[in-house]
Every structure is written in structure tokens, then in C-alpha cells.
Amino acid sequence: MKTLKKLAKLLPVILLFAVSLAAGIFIGRAIYFPSAGSAAAKSFAEVLFDIAVGIVLFVIVLFIHIILHEGGHLVFGLATGYRFLSFRVGSIVLQRGKDGKYSIKRFTLTGTGGQCLLSPPDMVNGTFPCILYNLGGSLVNIIVAALCLVLRIVCSPSGIADMFLFYMFVYGFLTGLLNLIPLKLDMVANDGYNTLMLIRDANARRALWLQLKINEQQTHGRRLKDMPAEWFEPGGDADMKNPIISAIGVFAENRYMDALDFAAAREQINYLTKTPAVRITGLYRELLKLDELFLDILEKGGDADLSLLSDKQTKKFMQQMKYFPSVIRTEYAAAAVKGDEAAASVHACLERFEKCAASYPSEADIASERELMALIRPDDTNDRQEGKI
């Protein structure tokens with residue numbers, strides 16, 4: 001079992017190496033054997049040009065397959081009764097509001113290249129269609145990869161067209177495979193792992209439905225504290241080692257924070273991070289550590305232990321999530337309690353928060369974070385709202 005887990009962790013590296021090796025072989029062949037009847041090497045300038053074209057094509061193919069992957073979730077979701085909410089590629093989000101109008105937002109989530117979030121159909125007899133929605137992205141990647149392979153064989157293209165189809169096949173096949181093979185990665189679980197959990201556990205299906213429903217309500221401007229309390233209960237017999245189910249516990253902690261019930265929030269953090277029977281993803285674990293630090297700052301002020309912010313992993317995470325509202329909020333709180341010596345950091349955090357707030361997908365989340373930040377230094381919040389900061 002331990003050997004299988006080690007191999008699972010190495011699989012993304014192995015697949016990345018395979019893509020790089022295949023790309024290197026292809027570019028090398030194109031450089032040194034430019035045509036079927038010639039073995040003459042190209043000039044140095046031609047070599048550089050081919051390498052540049054190869055890199056640009058690879059980046060283009062990467063984005064195409066991200067769009068295809070999320071498009072697969074969208075198509076299979078809509079086909080099984082879901083309704084459109086948002087479609088993200090990189091940090092750009094196309095979002096449909098409660099009024100039916102579309103807008104462009106910005107949001108980044110470490111460990112993901114994109115995300116398609118839909119409003120789920122109603123549950124019937126404790127379940128709802130979720131397998132095709134989860135697997136749709138990977139299936140589309142592999143289907144398109146197969147079509148590109150067929151085109152390459154049938155049409156025998158040359159030059160850039162050949163390189164493009166080659167990349168589309170290799171990257172599409174491997175990224176589809178990487179998402180279909182059940183893997184629980186450092187920050188998030190992949191589609192294959194989530195699907196396996198959904199097939200095995202009815203409580204996981206309920207938990208996924210709740211997460212999608214909560215996201216729908218947040219997108220429509222409803223705050224967590226105003227949603228039904230039962231939406232944040234995993235269930236008495238739920239397996240909290242299942243990351244889909246334990247995510248509901250994280251949402252519950254977020255709800256306590258939104259309601260300013262800090263005692264309950266701290267208790268929930270302790271339960272989620274220190275109970276052997278609970279397993280959460282790395283993404284949620286890092287966010288909860290920062291929430292706990294924020295609670296310490298609220299309670300102890302300048303006496304709070306800020307050593308977490310010097311931790312290498314935490315610093316890396318905060319850099320990756322520097323435009324995530326709760327991360328900015330904790331960073332702001334840590335700077336604010338240092339007094340005048342950190343005035344520049346406080347100002348930078350406030351500016352970053354406003355930049356984030358201007359295009360963040362959930363106005364409800366932003367309203368909640370503003371209230372929490374105001375507990376640290378109310379004058380900053382007042383000045384910001386009046387345009388003085």
C-alpha cells in the first residue's frame with residue numbers, strides 16, 4: 001500500500017517527464033531531419049526559430065487543453081441537468097449572475113489551471129447525476145487527443161501543423177490520463193479520485209451537491225451565515241477521511257468566521273486539523289492555518305506568535321494565493337499589529353484587497369472579509385470606504 005502511494009505521488013512527475021521527452025524528441029527530429037528526404041542539419045538561426053516555435057505551440061496547446069477540459073465538465077454537466085454559473089481558465093472567470101447577466105471576474109486557485117462551476121440539479125432519493133460531470137473534462141481531453149492522432153496519421157502534415165497535432169495528442173492524452181487515474185495531490189484531489197469517492201459513498205455525493213449549492217448561493221450574493229445550518233453538517237456516519245466530505249467541515253468553519261463566532265471557528269479548526277479521523281486537502285489545511293493565526297491576532301494582538309509567516313511552505317502558499325481574500329486578511333492583520341514599522345505592508349495589503357475585491361466572483365465573501373478586517377483596525381476600513389486609503 002505504501003509503495004502504491006509513493007508511485008501515485010510520482011506519477012505526475014513521470015507524466016511530465018514523458019511529455020517533455022516526447023516534445024524534445026519531436027523538436028530534435030524536426031531540427032536535424034527537416035524533411036523526409038534530407039538529413040542536412042539546419043542553421044543555428046533555424047534551430048533557435050524551431051525551438052521558439054515549439055515552446056509557443058506547447059503553451060498554446062496547454063491553454064487549449066485547459067479550455068477543452070473545463071469545456072468537457074460544462075458540456076457533460078449541462079447534458080445531465082446542471083445550470084451554468086462560471087467558467088474559469090487561469091485567473092479569468094466568465095460568470096453568470098443571479099439576474100442572468102454575464103460578467104468577467106478574476107480568481108486564482110493554486111493547484112488548478114481552470115474550473116467549471118455549475119448549479120446542480122435537485123437531488124432525487126439522496127443522489128444526483130455527478131459522474132459524467134466529474135469525468136467530462138478528462139474524457140474530452142482524451143477524445144480530442146485521439147482525433148489529433150488520427151488526423152496526423154491520415155493527413156501526414158509537416159512543419160508547424162505536424163508539431164501542433166503531435167503536441168495536442170501527447171499533452172491531451174497524458175493530461176486526460178493524469179486526471180482519470182485516482183490521485184490525491186498536494187493541494188487538491190483530481191477528477192479520478194473524486195469520482196471514485198462519489199461512486200463508493202452516498203455521503204460524498206451529498207457533500208458534493210452541498211458544495212455546488214453553497215457556491216451557487218455565494219455567486220448570487222448570499223453569505224454563508226445566512227444559509228441553512230444543515231448544509232454545513234457532513235452527517236453522523238460520514239467518513240471524514242473522504243476529502244469531498246471533510247470539505248463541508250471547512251465550509252462550516254468559514255460560516256463560523258462569517259458569523260463572527262470565533263470560539264466555534266477555533267474549535268472547528270482544531271477538529272479538522274488535529275483529529276486523526278479527519279483528512280482534508282492541502283489547500284484547505286493551509287487556509288485553516290492562516291485563519292487560526294488570524295484568530296490568535298484578534299485575541300492576543302501584538303503578542304500573537306507570527307512565526308507561521310516565516311514557514312517556507314506557508315510563504316510559498318501565500319505567494320501563490322496572494323489575491324485570495326482570506327489570505328490577504330490574515331496578512332493584513334499580521335502587519336497591522338506590528339504598528340508603524342509595518343505601515344507600508346498594511347497599505348500594500350489594503351491596496352491588494354481592493355484590487356481583488358473589484359473583480360472577485362463572490363461579493364458575499366468580500367463583504368464578510370471586510371467585516372473581519374475591520375475588527376483589527378476599524379479606522380483603516382473607514383478610511384478605505386471614504387477613499388482616503
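To be clear, the structure that these remarks concern was listed above.
The paragraphs below set out a description of the structure included in this document. All figures in this text were calculated on a predicted structure; none of them were measured in a lab. (Residues numbered from 1 in each chain as written. Predicted model: local features only at pLDDT ≥ 70, side-chain atom pairs only at ≥ 80, totals over all residues. Heavy atoms only, no water.)

With that settled, consider the nonpolar core. Grouped together as the largest cluster of nonpolar side chains are 79 residues, with contacts concentrated most on Phe232, Ile297, Val327 and Tyr332. By residue number, the principal contributor to this core is helix H9 (residues 282-300), which donates 9 residues. Other than its neighbours up to four places away in sequence, Ile297 contacts Ala304, Leu306, Thr330, Ala333, Ala334, Val337 and Ile376. Grouped together as the second largest cluster of nonpolar side chains are 14 residues, Val140, Val144, Tyr167 and Met168 included. (Core = buried A, V, L, I, M, F, W, Y, C linked by side-chain atoms within 4.5 Å. Buried < 20%, exposed > 50% of the residue type's maximum accessible area, 1.4 Å probe, protein only. Helix = DSSP H or I, 4+ residues; strand = E, 2+ residues; numbered from the N terminus. Contact = heavy atoms within 4.5 Å.)

Turning to the sheet that holds strand S1 (residues 83-89), a few remarks are in order. Strand order in the open sheet formed by 4 strands is S3-S2-S1-S4, and the pairing between neighbours is antiparallel. Two strands in the sheet have a free side with no partner beyond their single neighbour: strand S3 (102-106) and strand S4 (114-119). Recorded for the sheet is a direction-independent mean angle of 20° between the axes of neighbouring strands. Here S1 pairs with S4 via 6 bridges, running antiparallel. Paired with Val89 across the two strands is Gly114, which belongs to S4. (Pairing = 2+ DSSP bridges. Axes fitted to C-alpha atoms, helices over the stretch in contact; angles between N-to-C directions.)

Before going further, it helps to spend a moment on the packing of helix H6 (residues 202-219) against helix H7 (residues 243-258). Two numbers describe how H6 lies on H7: the axes approach to 8 Å, and their chain directions differ by 40°. Comparing their axes, H7 and H6 come out oblique. H7 is crossed by H6, and the crossing has left-handed handedness. Seen from H6, the contacting residues are Asn203, Ala204, Ala207, Leu208, Leu210, Gln211 and Ile214; seen from H7, they are Ile244, Ile245, Ala247, Ile248 and Phe251. Of the residues in the contact of H6 with H7, the class split is 10 nonpolar, 2 polar and no charged. (Parallel < 35°, antiparallel > 145°, perpendicular 65-115°, else oblique. Left-handed = near helix turned anticlockwise from the far one by under 90°. Nonpolar A, V, L, I, M, F, W, Y, C, P; charged D, E, K, R; others polar.)

Nonpolar side chains collect at one region of the surface, where Leu48, Ile51, Ile55, Val59 and Phe63 lie side by side and expose about 430 Å² of accessible area between them. Looking at where Ile55 falls in the secondary structure, it is placed in helix H2 (residues 44-79). (Patch = residues over 30% accessible without salt bridge, like charges linked within 9 Å, V, L, I, M, F, W, Y side chains within 5 Å. Areas by Shrake-Rupley, 256 points an atom, 1.4 Å probe, with all protein chains shown as cover. Salt bridge = Lys/Arg side-chain N within 4 Å of Asp/Glu carboxyl O.)

Tallied over the full model, the rule gives 9 aromatic pairs. Pairing Phe107 with Phe324 gives two aromatic rings, centres 6.1 Å apart and planes at 50°, and the pair type is tilted. Of this pair, Phe107 sits in the loop between S3 and S4 while Phe324 sits in the loop between helix H10 (312-320) and helix H11 (325-336), placing them 217 residues apart in sequence. Taking the centre distance of 6.2 Å and the plane angle of 50° together, the rings of Phe166 and Tyr167 count as tilted. The class of Phe166 is buried, set by a relative accessible area of 14%. An aromatic cluster is present here, built from Phe58, Phe166, Tyr167 and Tyr171 joined pairwise through their rings. (Phe/Tyr/Trp six-rings, centres within 6.5 Å; stacked < 30°, edge-to-face > 60°.)

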